[in-house]
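Structural features, examined
Here is what each chain is made of, one letter per residue.
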Amino acid sequence: MKTDVLIVGCGCSGLYAALQLDEDLDITILTKSKAEDSDSFLAQGGICVLKDESDYQAYFEDTLKAGHYENDKQSVDIMIRSSQNVIQDLISYGVDFHKDENGKLDYTREGAHSQKRILFHEDETGKEITKHLLAKVRQLKNVKLLEYTTLVDLIEKDNTCYGGVIRKADGSIDMIQAKYTMLATGGIGGVYRHSTNYRHLTGDGIALAVQHKIALKNVNYVQIHPTTFYSPDEKDRSFLISESVRGEGALLLDKNMHRFVNELLPRDVVTKAIYAQMEKDHTTHVWEDLRPIGHEELVKHFPHIVEHCHKMGYDPEKEPIPVVPAQHYFMGGIDVNKESKTSMEHLYAIGETACNGVHGKNRLASNSLLESLVFAKRAAKDLMDSDWKAQDFITIEKPDVSKYADSKSLSQQYRQLVQTEIKKADSKKENENV
Ligand SMILES: Cc1cc2nc3c(=O)[nH]c(=O)nc-3n(C[C@H](O)[C@H](O)[C@H](O)COP(=O)(O)OP(=O)(O)OC[C@H]3O[C@@H](n4cnc5c(N)ncnc54)[C@H](O)[C@@H]3O)c2cc1C
């Protein structure tokens, strides 16, 4: 198979990149599972936007403060300055953000935000955005979307990427030659026992980067979300209790139903406080009281969280619910420049798998959908500005299929590469601190 652009992943970053590319490019998008199975569909809280110029400094400072001032300031500036343009695109695709009684866009806030600046659609903002992106992409004649198709390797020669080796839905191995490739493979939650991420998101982009010596950055910067619904026999992904619940007034309580932390501190600080409290109380979880939010706001803004609590046997209007921290987001990733280019020629990385430095050491809530979209658009623009029309496909030898035959052990091997890389980065940091 041959294609001009191969996009690996159909979360918000992969889909939006496809929509930004000219329609005379032939595009192939792969996804490991069905098209709707991406973390982008799970995003609850919302997407940040620069409301108006008066909020620029505060938004910039909130992002840096949450990121422990390890953020790339230029990337943060690009994200904030590009936010209104991206939101306009989304609205033009039909995305319906919540409006106030006068029909104007309404905003909410989450932990570590000094202002309300988050656009939302109930507690399913990610689904609202990504389903519209997917619908738009499905209308494009130049885009082929291959579900249940996994990228198992990159085709590389002299540090240039020429596409990838894939496992197709029927289990057979094939290759797709591409002039340009974009990795949009999402996060790494699938390698953790407790995570809010889809289980199939196992950091494949990171594993392939390790194998092909593509530069990585901050791979040990992994965010643990303070509040997921605690269930003693959880097998699937952990259900997130969005931070906007705390933004709207929910409280965190210890085993004696006493508050023990300021609920609006950054995620990593709240997570630490919860772990410390659990240790002190010898408990497996703490409690979150949603009653201060009030009936109307709770059922209107958070209907799916309320529904999940009921399903699990709790009535959030009558009693606190049990919550525990879980792996949630990957701030590190494949090192990219401001145009989302990796250290390998003709290879871009976008979305959660990439690291452009926006989030520093800890992500500010509701900055990831925005960051994914802003830098996907920049990647697409950079590609369009390249000499892609003049590029030709090179002659490539058929891959040694036996290398990829055992899908289980290959996937295990890739998980291990990701885990080892995180451990290596962790111990390097520890040594630096000694
Ligand atoms: C529960 C939850 C709530 C969240 N809430 C918010 C929020 O309110 N606001 C916010 O800004 N962010 C939120 N986030 C984070 C945000 O959703 C993600 O960071 C963002 O959606 C990532 O988008 P993406 O395009 O990078 O990847 P994803 O949407 O995760 O998509 C990854 C894609 O890559 C594919 N893939 C992976 N490996 C391969 C492979 N080897 N071959 C082929 N395909 C592959 C997958 O099948 C999938 O299609 C939340 C995340 C979770 C889990």
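Residues numbered from 1 in each chain as written. Predicted model: local features only at pLDDT ≥ 70, side-chain atom pairs only at ≥ 80, totals over all residues.

**Points about the overall build of the chain**
In plain terms, the rule: Comment: elements are numbered from the N terminus, with helices defined as DSSP H or I runs of at least four residues and strands as E runs of at least two. Computation of the radius of gyration draws on C-alpha atoms alone. For the globule rule, the value is 2.2 Å times the number of residues to the power 0.38. Exposure in this text rests on C-beta crowding, where 20 or more other C-beta atoms within 10 Å of a residue's own make it buried, 12 or fewer make it exposed, and counts in between make it partly exposed. The C-beta atoms are placed from the backbone. Throughout, a residue-residue contact means that the two C-beta atoms, derived from backbone geometry, are no farther apart than 7 Å.
Within the chain one finds 11 helices and 16 strands. Its C-alpha radius of gyration of 21 Å places the chain within 12% of the 22 Å reference for a compact globule of 434 residues. For the C-alpha atoms alone, the extent of the chain along its principal axes is close to 70 × 50 × 45 Å. Counting every position in the chain, which comprises 434 residues, the buried fraction comes to 50%. Within the chain, counting contacts between residues at least 6 apart in sequence, those at least 24 apart form 72% of the total.

**Observations regarding the nonpolar core**
Short version of the rule: By convention the nonpolar core is taken to be a set of buried residues drawn from Ala, Val, Leu, Ile, Met, Phe, Trp, Tyr and Cys and joined through C-beta atoms within 7 Å.
In this structure, Ile7, Ala17, Met182 and Ile350 are the most contacted members of the largest nonpolar core, which totals 89 residues. Per element, the largest residue contribution to this core is 9 residues, and it comes from helix H10 (residues 368-385). Not counting chain neighbours up to four residues away, the residues in contact with Ala17 comprise Ile7, Met182, Ala184, Ile350, Ala376, Ala379 and Ala380. Ranked by size, the runner-up nonpolar core spans 23 residues in total, among them Ile224, Val286, Cys309 and Ala326.

**Things to note about the domain arrangement of the chain**
What counts, and what does not: Domain start and stop positions are those given by an automatic or database domain assignment. Throughout this entry, Asp, Glu, Lys and Arg are counted as charged residues, while Ala, Val, Leu, Ile, Met, Phe, Trp, Tyr, Cys and Pro are counted as nonpolar. The remaining residues, Gly among them, count as polar.
As assigned here, the chain comprises domain 1 (2-221 + 331-425) and domain 2 (224-328). On the side of domain 2, 27 residues touch domain 1, which itself brings 22 residues to the contact. Taken together, the residues of the side of domain 1 that touches domain 2 break down into 5 nonpolar, 11 polar and 6 charged.

**Focus on helix H7 (residues 267-281)**
The line we're drawing: To estimate the expected span of a helix, count its residues, drop one, and scale the result by 1.5 Å.
For H7, which comprises 15 residues, the first-to-last C-alpha distance of 21 Å matches the rise-based estimate of 21 Å (1.5 Å per residue) to within 8%. Its buried side turned inward, H7 meets strand E10 (222-229), strand E11 (251-253), strand E12 (286-289) and strand E13 (321-330). Phi turns positive, to about 55 degrees, at His282, one or two residues after H7.

**Quick notes on the site of the ligand**
Our working definition: Being near a molecule or strand means, for a residue, that its C-beta atom, positioned from the backbone, comes within 6 Å of it.
Surveying the vicinity of the ligand reveals 42 residues, the closest of which are Gly9, Gly11, Gly45, Gly186 and Gly351. Contributing elements (two or more residues each) for the shell around the ligand: helix H1 (12-20), helix H4 (125-139), strand E6 (150-157) and H10. For the shell around the ligand, the residue count by class is 13 nonpolar, 25 polar and 4 charged.

**A few points about the sheet that holds E11**
Quick reminder of the rule: Note: two strands are recorded as paired if DSSP finds a minimum of 2 bridges between them. Interaxial angle, 0 to 180 degrees, is taken between N-to-C directions of lines fitted to C-alpha atoms, where a helix line uses only the stretch in contact.
As summarised here, the arrangement of the 4 strands in space is E10-E13-E12-E11, forming an open sheet in which the pairing is antiparallel. Where the open sheet ends on each side, the last strands, each with one partner, are E10 and E11. On average, each strand axis in the sheet is inclined to that of its neighbour by 45 degrees, with strand direction left out of account. Strand contacts of H7: E10, E11, E12 and E13, with the helix running at about 60 degrees to E10, the strand carrying the most contacts.

**Focus: the sheet that holds strand E16 (residues 354-355)**
Spatial strand order, E9-E14-E16: 3 strands in an open sheet with mixed pairing. Each end of this open sheet is capped by a strand with a single partner; those strands are strand E9 (216-217) and E16. Taken together, the 2 bridges between E9 and strand E14 (residues 333-335) define a ladder with antiparallel strand orientation. Residue pairing for E14: Leu216 is matched across the bridge by Ile334. Contacts from helix H5 (residues 204-211) reach E9 and E14 within the one sheet, and its direction differs from that of E14 by about 45 degrees.

**As for the pairing of strand E5 (residues 143-146)**
When a strand is regular, its side chains alternate between the sheet's two faces. Here E5 shows a buried face lined by Val143 and Leu145 and an unburied face lined by Lys144 and Leu146. Both strand E2 (residues 27-30) and E5 contribute to a ladder of 4 bridges, which runs parallel. In the sheet register, Ile29 faces E5, and the bridge partner there is Leu145.

**A word on H5**
Taking burial as the measure, the 8 residues of H5 include 6 buried ones, the bulk of the element. Three or more residues of H5 are buried, namely Asp204, Gly205, Ile206, Ala207, Leu208 and Ala209. Positioned one or two residues after H5, Lys213 has a phi angle of 55 degrees, which is positive.

**A few points about the pairing of E13**
Burial of E13 is extensive: 9 of the 10 residues sit out of reach of the surface. Two strands pair when backbone bridges link them, and E10 and E13 are joined in this way by 6 bridges, in the antiparallel orientation. Pairing of Gln223 across the sheet is with Tyr329, part of E13.

**A few points about unusual backbone geometry**
Look at His68: it is not a glycine, yet its phi comes out positive at around 55 degrees. Residue position: His68 is located in the loop between helix H2 (56-66) and helix H3 (73-92). You will see that Tyr69, though not glycine, has its phi angle at about 60 degrees, which is positive. Tracing the backbone shows Tyr69 in the loop between H2 and H3.

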